[in-house]
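Architecture at a glance
What follows is the residue order along each chain.
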Amino acid sequence: MSGDTQHSRRRRSPKMFMVASDFKVQDHLEGTIRLQRGQLCQLQEGGAHRSGRAEHLWVKVLDNDCVVKLERQALSEVPADVAALLEPVLDLELRLKLLSRPQVLRRMAALALGSEVRVVWSRSQPELAEAELRYRGPLTRGSSAVYFGVQLKGWAAGRGKCNGSYKGHQLFVCPEACGLFLPVSELVLPRSSGVSVLSRAAESGPQPLALGQRVCFTQDQSVQRGTVQFCGPLAGRAPAPLYVGVLLDHPGGSWDGYYKNTKLCSIPSPEFGALLPLSKVTAESRSERSPLAVTGPKALPKVPLLPAPSKVAPQPPSTPPKRPLIQPSMLETARRALQPPSSSGPRPALKPAPLSPAKAALTPPASPQAPPTEQPRPSNGFHNLPSPVGAEPGPWLEVGSMVEVNDPPLFGVIRWIGQISSISEPVAGIELDQELSAATDGSYLGERYFRCAANKGLFVKLRNCRRDSRFPEPELPTNQVDRCNSIAFANWSSKRVEEHTPPVSGPDARLIYEGFKKGIQGHLNSCYLDASLFSMFSCCSSFDWLLFWPTEAQNNPISQSAQDLLRCEIVNPLRRYGYVCASKTMALRKLLKAETADSGFTNEEKDPEEFLNQLFLLLRVEPLLKIRSAIQKAQECFIYQLFPPSVSLSSPPVSPVSPALSPLVSPGLLRVSSVQTLLESSFMHSGLKLTEAPSCLPLLMPRFGKEFKMFDVILPSLNLDITDLLDETLRQCSICQSVAQWECLQCYEDVDITPGQLKQYCNTCNTQVHTHKKRQTHRPLEVRGPRGGWEGPVHGARQLMDLFAVTCIETSHYVSFVKHGPGATDWLFFDSMADREGGENGFNVPQVRSCPEVSQYLSLSVEEVSRLDAASLRDPVRRLLCDSYMCLYHCPQLSLYK
């Protein structure tokens, strides 16, 4: 099989299925799992096999993230592209209804970005909001669920939830509070598209008039015309008839866009607004449209022509008053102003058109011999509209920017930016909000640059575009480092606690910590620090010596400030209230930045060991660990990195992992090791010993990038035995339990005498073991014991350390698991950025939740874990076993002396 064929097979989308009926399945770990009709399933790799006459499939149920084995007949295959659209739809009944109309779903999937759509605003009412499709795809990396990102318009503008970003990732750009991410069930295409309503709410009552549609109605024996800005029921009226809010072309109304203090749409002045029952409004046909918007006895006078440019004196620019949307009088003025000169006169290339009667024209005067222009020449949609004197295109101008051109203004959205032949500077292709007779469908001189409705495409020089004045100026870029200290963070602040607060455990810990807005709030890539501090201090006091280490304010003012901040602003409030805001941890990050001259501590991603090493140095405390090698003096450090050898020292490798490290590695099994085995192996092969038993032992797991891991699973040992890793202590002979005087590295890996375990012998046993011809080449080393002699067996207690926290990493994000009580199931899971409120300038929402399910996996042996199906591991178990980064151990008795 060729490499290309193998690559194409790897990239092929997995098969998708839907559960055909409700039923239950039994799982040996999860118990009874209830499956419902309409749930989506993904076929797992190698998950199909036959048992008797029935075909069984291993599938992952996307709705509850569990992996089960089902009969093929219980599933209905679903095309992968359709399944991606259905996955975000949580209502299973609605999902089934949508599946019965795959042609509609595929039409939605093929809808071009920039298309007009309608958004289901309320399921209880048939009210739809006008929007524009700006994004289609997954919201997070690795997800297959397809969402639709829309920009709200009309009356719904400003009622969205974001600016086009999701959890800090910018997926499209729009004004703040104008963006929404929705499943396909919440979208409706205009009726002209031929696609019917997709959602249950919209099926009950489609909108009779579209936002932006031209309408007319009779008022005081005259016909008023305008544009629909709102169409829907009014709150508090039952039954709920539909009303229409109209922006009039000319004064004559008395409605400001509000109903009972609720804004329905934007009306610049009550004189241009009218709110009427739907029965009194009729749609305006194309033949009825005229530059004069009011007919009858109260018709307005004709619009005067612009005066000759040469007779108008320049006037200083003034702030234009707030205007309604395009009026017919404005269109007429713009049409005449934008007409190019006749063919008989000289043809200037892209010369500016006149502004308004109050401003001097920028076009050169016509030749005296040139006849007056009678018939406009087709302009192909290009207009050289004037811009403010000295204006340059701002960096904010990009495809999707909402702009205005001309004065009176024409509003629209930039759909294309580029070069056009014979034009020396960048040109913008704009889709106007409303039709203009001189505009095109996105073509210029027969060549298409973008697509839009007929008479809405306009081409202008990019420098002639101005920001849309109907929307407020965007705020200047926010200093994200200092933003957590701003007034906007007031509702997220936490209190200072002076009194020493010991940690709580058991049910009390769950009561304090469990829930959203609990733990430590993340901000600006702080998860490395949040997860580390929560692991160290939330439910354990073994690191409390850091809070009370003696410091002298005169000699170490920064150290004392850091210690006070850590104790009174972070640890004590965390233990008393279960929550610490991001401004407190940012203050600590600033102290680390000042001490290390590393600006990355306030805004960049770091690793926990980098943070902890710098924190200990900042506090001027003694190192936790003192480790001696065979040829060197004792070295001091704060954290120990496990570096197991990748090949066996005694025999050629038979797998990517040394048999000594993972003796259970074989085809079909996971590469698994335990922290106990990794620590012993790392010390043994490096010839290291602990000169004293530590009160805390932070261990970094071996990781070599996300593309390759030395182990599929690392099982955190609940109890770590370090007795045989201590220097100058009495150690037992592995055979007779007498005082050990020799240890042998080669015996550690010997497959005949329990490989992967420490081997130490008394004089007699050492001689007997190494008399064997296979072990005569071994080189045992003498064990250093305490001074003085000792005869007979050794009955000393083992030196054990307990696991109390595990920090894990997945795709550059750190989370932590913390043991909060003596029970086997007393485990908490903490994520400082579990959710987000708002867009780029929003807030991360931390969460702590109970996860007793991890206990049943921590109690398994390495052999049992190696036989698990990796695909069956669900969050948070998968994170704990497959993505562990640092394991924290402590000895509570020794912590008292520290």
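Shown above is the structure to which this text applies.
Residues numbered from 1 in each chain as written. Predicted model: local features only at pLDDT ≥ 70, side-chain atom pairs only at ≥ 80, totals over all residues. Heavy atoms only, no water.

Regarding its fold elements, the chain presents 19 helices and 47 strands. Considering the chain as a whole, with its 898 residues, one finds that 49% of them fall into the buried category. Taking the intrachain contacts of the chain between residues at least 6 apart in sequence as the baseline, contacts between residues at least 24 apart amount to 64%. Accessible surface for the chain amounts to roughly 43400 Å². Of this, 52% is attributable to carbon and sulfur atoms. (Helix = DSSP H or I, 4+ residues; strand = E, 2+ residues; numbered from the N terminus. Buried < 20%, exposed > 50% of the residue type's maximum accessible area, 1.4 Å probe, protein only. Contact = heavy atoms within 4.5 Å. Areas by Shrake-Rupley, 256 points an atom, 1.4 Å probe, with all protein chains shown as cover.)

Pairing between strand E5 (residues 54–61) and strand E6 (residues 66–71): six bridges, direction antiparallel. Each residue of the ladder has a partner; that of Val59, found in E6, is Val68. Hairpin geometry of E5 and E6 is characterised by an intervening segment of four residues between the two adjacent antiparallel strands and by a positive phi of about 65° at Asp65. (Pairing = 2+ DSSP bridges.)

Okay, the pattern of salt bridges next. All told, the structure shown has 32 salt bridges when counted by the stated rule. Notably, a salt bridge pairs Arg470 with Asp433, separated by 2.8 Å at the nearest N-O pair. Taken together, the residues Arg470 in the loop between strand E28 (466–467) and helix H7 (480–483) and Asp433 in the loop between strand E24 (427–432) and strand E25 (443–444) connect sequence positions 37 residues apart. Residue classification places Asp433 among the partly exposed residues on the basis of a relative accessible area of 31%. With a closest N to O distance of 2.7 Å, Arg575 and Asp544 form a salt bridge. Taken together, the residues Arg575 in helix H10 (residues 557–577) and Asp544 in the loop between helix H9 (527–537) and H10 connect sequence positions 31 residues apart. Here the two residues Arg575 and Asp544 agree in accessibility, since each one is buried. Each member of the salt-bridge network shares a partner with another, and the members are Arg496, Glu498, Asp564, Arg567, Glu569 and Lys584. (Salt bridge = Lys/Arg side-chain N within 4 Å of Asp/Glu carboxyl O.)

Within the open sheet, the five strands sit side by side as E13-E10-E9-E8-E14. Their pairing is antiparallel. Of all the strands in the sheet, the pair left with one neighbour each is strand E13 (179–182) and strand E14 (187–188). Bridge count between strand E8 (residues 116–120) and strand E9 (residues 128–137): five bridges; the pairing is antiparallel. By the bridge assignment, Val119 is partnered in E9 with Ala129.

Two modes of strand pairing occur in sheets, parallel and antiparallel, and in both the strands are linked by backbone hydrogen bonds. With antiparallel pairing, three strands are arranged side by side in an open sheet as E41-E40-E42. Bordering the open sheet on either side are strand E41 (760–761) and strand E42 (781–782), each of which pairs with just one other strand. Summarising the sheet, strand E40 (residues 742–743) and E41 pair through two bridges and their orientation is antiparallel. Within E41, the position partnered with Trp742 by the bridge is Tyr761.

Asp875 connects to Pro876 through a cis peptide bond whose omega is 5°. Relative to the assigned elements, Pro876 resides in the loop between helix H17 (862–866) and helix H18 (877–882). Look at Ala177: it is not a glycine, yet its phi comes out positive at around 65°. Looking at the element boundaries, Ala177 is found in the loop between strand E12 (169–170) and E13. Located in the positive-phi region is Arg620, a residue other than glycine, with phi close to 55°. When its relative accessible area of 39% is taken as the criterion, Arg620 is described as partly exposed.

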